Amino acid sequence: MVDFAALRDDFPILHKPVHGKRLAYLDSAASSQKPQMVLDALQEAYGTHYANVHRGLHYLSEAATDAYEAVRQKVASLINAPSPSEVIFTSGATMSLNLIAHSWGGANLQEGDEILITIAEHHANIVPWQMVAQQKGAKLIAAPMAEDGSFDKAAFAACITERTKVISLPHVSNVLGTVYPLTEIAALARQAGALFVVDGCQGVVHMPVDVQEIDCDFYVFSGHKLYGPSGIGVCWGKADILADMPPFLGGGDMIDDVEIERSTYAPPPARFEAGTPPIAECIGLGAAIDYVQQIGMAAIRDHEMSLLRYGTQRLSEVDGITFIGTAAGKSGVISFTLDEVHPHDISTLIDHDGVAIRAGHHCAQPLMKSLGLSSTARASVGIYSCEEDFDALTEALHKVNRIFKS
Ligand code: PMP
């Protein structure tokens, strides 16, 4: 049994009072806090084995390269990828989605082709596809979600046509918390002969992921949401698909042979990792993966699910609250509005009680517009979150109501 209450002690920042109050950090969906193990790994990477990777023939360069390359295997094991050579390091999920859209989309999309997403996407899974669609004369289509925020399989399937070349969806919505039925969607993608891309930003942090079981073609995520450093992310792709993709960025490390007239490129993953990578950050991500794997992703999922149930129940006590996204089995986030109080006012007021939540459109403007909202407040959990955090949020919201109703 994991003692989740004790995990809070692994995160030094959580012990720093905010406005003189105990910090209730409920903004992990935006970025998570870092355990001491990750901070130590960063310190060690810079303090004991730092040099540029892949290039040097000296001790420090080899040590840094070994530590950097070892993380590929850790990522592969985290998501059950068949091979570490399918793991590409990027600066984050945004870069990963741009890589896929521009490289695969640039090479394979044609005029009239369709890219299918849902209305609930993060902008990172809209704008890159929009850009390549505009270049290629392809069409970006967004399927609706059901009224309660759950995935509407019939409505989604109705959007698939013989021109559908890409299906790109989140594992978990960062606003609604909806967990998408990925294996069912993969079957639809296979039938349509479409590429299946999964934006795993809010998935891999909350539950076990098995890309072979899902049967997706790509799974991407950001290190900073998985208790690792910012500036490092992952783009996992199937070997045969990566092998046929042209490079996205050109420069050092991604080449085989360079002449002034032309160049030949290295095989993946190097082909997609031009320039000096975020070396220490990658090693920090490796420590974060060790950290969550020691705890176990299944245990993390169970802990967070029961916490979300508790949080929802506590927040239901607040006058005027409306939950946005109530799909069964939702994960990670609770979005809400509070009568006429603007979400920005909520967030600013409760900050004085040490409660950190997010307020805004959460980089999902099309979803907000479809809901007739400009913004929501959003509480999101991580492995260190606990009932006390939701108690603090509930009390702080009662206080907001008292201020606005007095
Ligand atoms: N997709 C989803 C579902 C997200 O929640 C986020 C981050 N909020 C992103 C993509 C983009 O991640 P990043 O900014 O780390 O690239």
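Just so it is clear, the structure is predicted and the values come from calculations on it, not from any experiment.

Reading the values: the criteria
Position numbers for residues start from 1 in each chain and track the written sequence from start to end. Note on the predicted model: pLDDT of at least 70 is required for a residue's local features to be given, and 80 or more for side-chain atom pairs to be given and counted; whole-chain, interface and lining totals, by contrast, use all residues. Side-chain measures here rest on the full set of heavy atoms in the structure, leaving out hydrogens and waters. Basic side-chain nitrogens of Lys or Arg form a salt bridge, by our definition, when they fall within 4 Å of a carboxyl oxygen of Asp or Glu. The numbering of helices and of strands both runs from the N terminus, where a helix is a DSSP run of H or I of at least 4 residues and a strand a run of E of at least 2. Relative accessibility decides the category of a residue: with a 1.4 Å probe and only protein chains considered, values under 20% of the type maximum give buried, values over 50% give exposed, and everything between is partly exposed. Residue-level confidence of the predictor is summarised by pLDDT, bounded by 0 at the bottom and 100 at the top. Being near a molecule or strand, for a residue, comes down to having at least one heavy atom within 4 Å of it. Within 3.5 Å is the distance limit for a polar contact, defined as a pair of N or O atoms, with the added protein rule that one can donate a hydrogen and the other accept it, and that residues adjacent in sequence qualify only through two side-chain atoms. Three classes are used: nonpolar for Ala, Val, Leu, Ile, Met, Phe, Trp, Tyr, Cys and Pro, charged for Asp, Glu, Lys and Arg, and polar for all others, with Gly counted as polar. Buried Ala, Val, Leu, Ile, Met, Phe, Trp, Tyr and Cys residues form a nonpolar core when they are joined through side-chain atoms within 4.5 Å. For the domains described, the bounds stem from an automatic or database domain assignment. Here, two residues are considered to be in contact whenever any of their heavy atoms come within 4.5 Å of each other. Any two strands with at least two DSSP-identified bridges between them are counted as paired. What counts as an axis is a line fitted to C-alpha atoms, over the stretch in contact for a helix, and the angles between N-to-C directions run from 0 to 180 degrees.

Undergrad: Whenever I open this one, the pattern of salt bridges confuses me. Can you help?
TA: Working definition: two side chains of opposite charge can pair if their charged atoms are close together. Taken as a whole and judged by the stated rule, the model has 22 salt bridges. D389 serves as the salt-bridge partner of R22, at 2.9 Å between the closest nitrogen and oxygen. You can see R22 sitting in the loop between helix 1 (4–7) and strand 1 (24–25) and its partner D389 sitting in helix 14 (residues 387–405), a full 367 residues away along the chain. Judged by its relative accessible area of 1%, D389 falls in the buried class. Note that R163 and D113 form a salt bridge whose closest N and O atoms lie 3.0 Å from each other.

Undergrad: What should I look at first to understand the confidence of the model for the protein chain in this one?
TA: Note: predicted coordinates in regions of low pLDDT should not be interpreted at a detailed level. Confidence in the prediction for the protein chain averages 97 pLDDT; 100% of positions are at 70 or higher. No element of the protein chain has a lower mean pLDDT than helix 1, at 95, and none a higher one than strand 6 (residues 195–199), at 99.

Undergrad: How should the site of the ligand be read in this particular structure?
TA: Taken together, A93, T94, H122, A124, N174, D199, C201, Q202, S222, H224 and K225 are the residues near the ligand. For the ligand, an oxygen atom lies 2.6 Å from a polar atom in the side chain of T94. A class-by-class count of the residues in the shell around the ligand yields 3 nonpolar, 6 polar and 2 charged.

Undergrad: What should I look at first to understand the nonpolar core in this one?
TA: Nonpolar side chains in soluble globular proteins tend to end up buried together. By size, the foremost hydrophobic cluster in this structure holds 74 residues, and its most contacted members are V75, I79, F196, Y219 and I383. It is helix 10 (residues 279–295) that provides the largest number of residues to this core, a total of 11 residues. There are two domains that each give this core at least three residues, and those are domain 1 (4–30 + 297–405) and domain 2 (39–294). Setting aside residues no more than four positions away along its own chain, I79 makes contact with V204, V209, D210, V211, F221 and W236. Among the nonpolar cores identified, the runner-up in size contains 25 residues, and L99, A101, W104 and I241 belong to it.

Undergrad: Would you take a moment to explain the sheet that holds strand 12 (residues 333–338) for this structure?
TA: Sheet strands line up and pair through hydrogen bonds in the backbone, either parallel or antiparallel. The strand order 11-12-15-14 describes an open sheet built from 4 strands, whose pairing is antiparallel. Two strands close off the open sheet at either side, each with one partner strand: strand 11 (321–324) and strand 14 (358–360). Across this sheet, the average inter-strand angle for adjacent strands is 30°, counted without regard to direction. Pairing analysis gives 4 bridges linking strand 12 to strand 15 (residues 376–380), with the strands arranged antiparallel. Bridging across to strand 15, I334 finds its partner in A379. Across the sheet, helix 11 (residues 297–315) is in contact with strand 11 and strand 12; its angle to strand 12 comes to roughly 10°. Those strands touched by helix 14 are strand 11, strand 12 and strand 15, and its axis lies near 10° from that of strand 12.

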